[in-house]
Amino acid sequence: MPDKPGVSGEPVTRQPLSFLMLYALAWAGGSIAYVPFLTILLPVRVAALAPGGPEQAVLWLSAIAFCGAIAASVGHILFGWLSDLTRTRRPWAALGLALSCGLLLFVPLARSLEALILIVAAWQLGLNMMLAPLAAWGADCVPDGQKGLLGGLLAFAPGLGALAGALVTVPGLASADGRLVVVALTVAAAVLPALLLAPRAAAVQPATPLAQAEQPRRSAALRQSALKMWAARLLVQVAEAALFSFLYLWLRSIDPAVEDYLTARVFSLVLVLSAPAALLAGRWADRRGHPFRPLVVCTLIAPFGLVGMALAHSVAAGVASYAVFGFSTSIFLALHSAQTLRTLPDSNRRGRDLGLFNLTNTMPSLVMPWFTLALVPWFGFSGLFLLFAALALVAAVLLAGLREYPLAKN
């Protein structure tokens, strides 16, 4: 299992399935860390602490999301870059695992908004110390011909995170503080096998001498594709981030009797059902040589779900519409994460470049609260969802313009 980015071993065409599965399990550890915490455990804790009811809770969640997104953005770029410079991945990931799991246990000590913001920001730094090297490790080792399969395997990560959320919210299983302990232990159980047991995997084969001669043209094509991929994911993630943070509060605006476990089960069902579909789509993309086509299809389906949510007047209709949106975007995000690896122009700076790509995951948390505060008081959640539907259509246009294989494969 190589730790040195940009260092080529023997020519490879495929990595062992065991490596891909352990890597996907470790990546799922990140979802298990943040999905239950950010979608269920943190909003419930904020709702309990906020003195002004649901409106005040939305403001608190927006402030926490804003500060946490800044910490995550800085952390992912910083630790990805450091893993490039030190030419090693696993030690950084292991340290990040220890810090993020430990900081979860400090959350019950927060008794004010300021304290909660500090703990969540520090936790985001630790979590991205783990995730940044893991992301670059996949770019180091997985060739283009397996990136669809990798994306399909990564699609199981959000579902496992949602299942963890459903598990920890089972009534009577654990106390509010005990739920955080369960999450931390589950994350460690998912990540440690890859760090300790994953079989050796050779680095991706270097470009041929002919490709080296064409490097300027190839690099320009890769940069153009990377920019389109970056922009398309950002547009989709704005909508996904809003639903990620406010699905529970939106459902309660339809019916105040909605309980937190319903939100966890909705997330779980949608994400679990989307994972096999993403795996099939990823394998199809590998075999047919059309890595970006499933992404276009997903961005054309997502607006139907968002429009349905804008028109929903019952919890059942809202959940059904969210299922359409969640199903398509879950497939999109998993496959996009893997296919992004083929557009990285510099093999020696994969960690840094993926940190810049990670801004598409964190920047929405910076702009989403302003969208919410600007639109919801005037147009309700319906106006917000219609805006997101338009953004998804723009993403489809960007992805439709991508060339299938910019110039040459690894």
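Scoring rules and cut-offs
- Residues numbered from 1 in each chain as written.
- Predicted model: local features only at pLDDT ≥ 70, side-chain atom pairs only at ≥ 80, totals over all residues.
- Heavy atoms only, no water.
- Helix = DSSP H or I, 4+ residues; strand = E, 2+ residues; numbered from the N terminus.
- Buried < 20%, exposed > 50% of the residue type's maximum accessible area, 1.4 Å probe, protein only.
- Contact = heavy atoms within 4.5 Å.
- Areas by Shrake-Rupley, 256 points an atom, 1.4 Å probe, with all protein chains shown as cover.
- Phe/Tyr/Trp six-rings, centres within 6.5 Å; stacked < 30°, edge-to-face > 60°.
- pLDDT = per-residue confidence, 0-100.
- Axes fitted to C-alpha atoms, helices over the stretch in contact; angles between N-to-C directions.
- Parallel < 35°, antiparallel > 145°, perpendicular 65-115°, else oblique.
- Left-handed = near helix turned anticlockwise from the far one by under 90°.
- Nonpolar A, V, L, I, M, F, W, Y, C, P; charged D, E, K, R; others polar.
- Salt bridge = Lys/Arg side-chain N within 4 Å of Asp/Glu carboxyl O.
- Core = buried A, V, L, I, M, F, W, Y, C linked by side-chain atoms within 4.5 Å.
- Patch = residues over 30% accessible without salt bridge, like charges linked within 9 Å, V, L, I, M, F, W, Y side chains within 5 Å.

> Outline the overall build of the protein, listing residues and values.
Secondary structure assignment for the protein yields 14 helices and zero strands. Ordered by position in the sequence, the α and β elements of the protein form the string α-α-α-α-α-α-α-α-α-α-α-α-α-α. Expressed as a percentage of the 410 residues in the protein, the buried residues total 55%. A separation of at least 24 residues holds for 86% of the contacts in the protein among residues at least 6 apart in sequence. With an accessible surface of roughly 16500 Å², the protein has 70% of that area assigned to carbon and sulfur atoms.

> Account for the packing of aromatic side chains, with residues named and values stated.
One pass over the full model with this rule turns up six aromatic pairs. Seen in terms of ring centroids, Y23 and W137 are 5.8 Å apart; in terms of plane orientation they differ by 80°. Their pairing is edge-to-face. In this pair, Y23 sits in helix α1 (residues 17-49) while W137 sits in helix α4 (residues 113-141), placing the two residues 114 residues apart along the sequence. Accessibility expressed as a relative area gives 5% for Y23, which makes it buried.

> I'd love a proper account of the confidence of the model for the protein, names of residues and values included.
In this model, the protein carries an average pLDDT of 82, and 86% of its residues clear a pLDDT of 70 or more. Element-level mean pLDDT values for the protein span from 47 in helix α8 (residues 209-213) up to 95 in helix α3 (residues 90-104). Here residues 1-12 is modelled with pLDDT under 50, and outside its nearest four sequence neighbours on either side it reaches 44 contacts, counting other chains as well. Overall, residues 205-211 carries pLDDT values under 50, and its contacts beyond four positions in sequence, including any with other chains, amount to five contacts.

> Can you lay out the packing of α1 against helix α6 (residues 156-168) for me, pointing to particular residues and giving the numbers?
Running from N to C, α1 and α6 point in directions that differ by 45°, and their axes come no closer than 7 Å. The angle between α1 and α6 places the two elements in the oblique class. α6 is crossed by α1, and the crossing has right-handed handedness. Along its contact with α1, which presents W27, A28, S31, I32, V35, P36 and L41, the element α6 presents A157, P158, L160, G161, A162, A164, G165 and V168. The class makeup of the residues in the contact of α1 with α6 is 12 nonpolar, three polar and no charged.

> A description of helix α5 (residues 147-154) should follow, citing residues and the corresponding values.
In terms of burial, α5 is a largely internal element, eight of the eight residues being buried. Along α5, the residues classified as buried are K147, G148, L149, L150, G151, G152, L153 and L154.

> Any details on the pattern of salt bridges? Residues and values, ideally.
When charged atoms on two side chains of opposite charge get close, those side chains can pair. Under the definition given, this model contains eight salt bridges. The salt bridge partner of R350 is D140, with a shortest N-O separation of 3.3 Å. You can see R350 sitting in helix α13 (residues 350-357) and its partner D140 sitting in helix α4, a full 210 residues away along the chain. D140 shares its class with R350; the two are buried. Salt-bridge contacts for D353 lead to R352; the nearest nitrogen and oxygen are separated by 2.8 Å. D353 gets classed as buried once you look at its relative accessible area, which sits at 8%. Ionic contacts of the salt-bridge type, sharing partners, join the residues D84, R89, D140 and R350 into one network.

> Would you mind going over the environment of A390 in detail, with residue names and values included?
With respect to the helices, strands and loops of the structure, A390 is situated in helix α14 (residues 359-400). Each C-alpha atom, one on A390 and one on V236, is 10.0 Å from the other, the two residues being 154 residues apart in sequence.

> Can you break down the nonpolar core residue by residue, with the values?
For soluble globular proteins, the rule of thumb is that nonpolar side chains tend to be buried together. In terms of nonpolar packing, the biggest core is built from 114 residues, with F37, L42, Y322 and F388 touching the most fellow members. With sequence-adjacent residues up to four places away left out, L42 is seen in contact with F37, L61, I64, L116 and V120.

> Pulling in residues and values, what's your account of a nonpolar patch on the surface?
On the surface, F66, I70, V74, L78, W81, L85 and W370 cluster together into a nonpolar patch covering about 650 Å² of accessible area. With six residues, helix α2 (residues 54-86) is the largest single contributor of residues to the nonpolar patch. Owing to a relative accessible area of 43%, L85 belongs among the partly exposed residues under this scheme.

> Describe the environment of D346, and please don't skip the residues or the numbers.
Among the structural elements, D346 can be located in the loop between α12 (315-340) and α13. With a relative accessible area of 30%, D346 lands in the partly exposed category.

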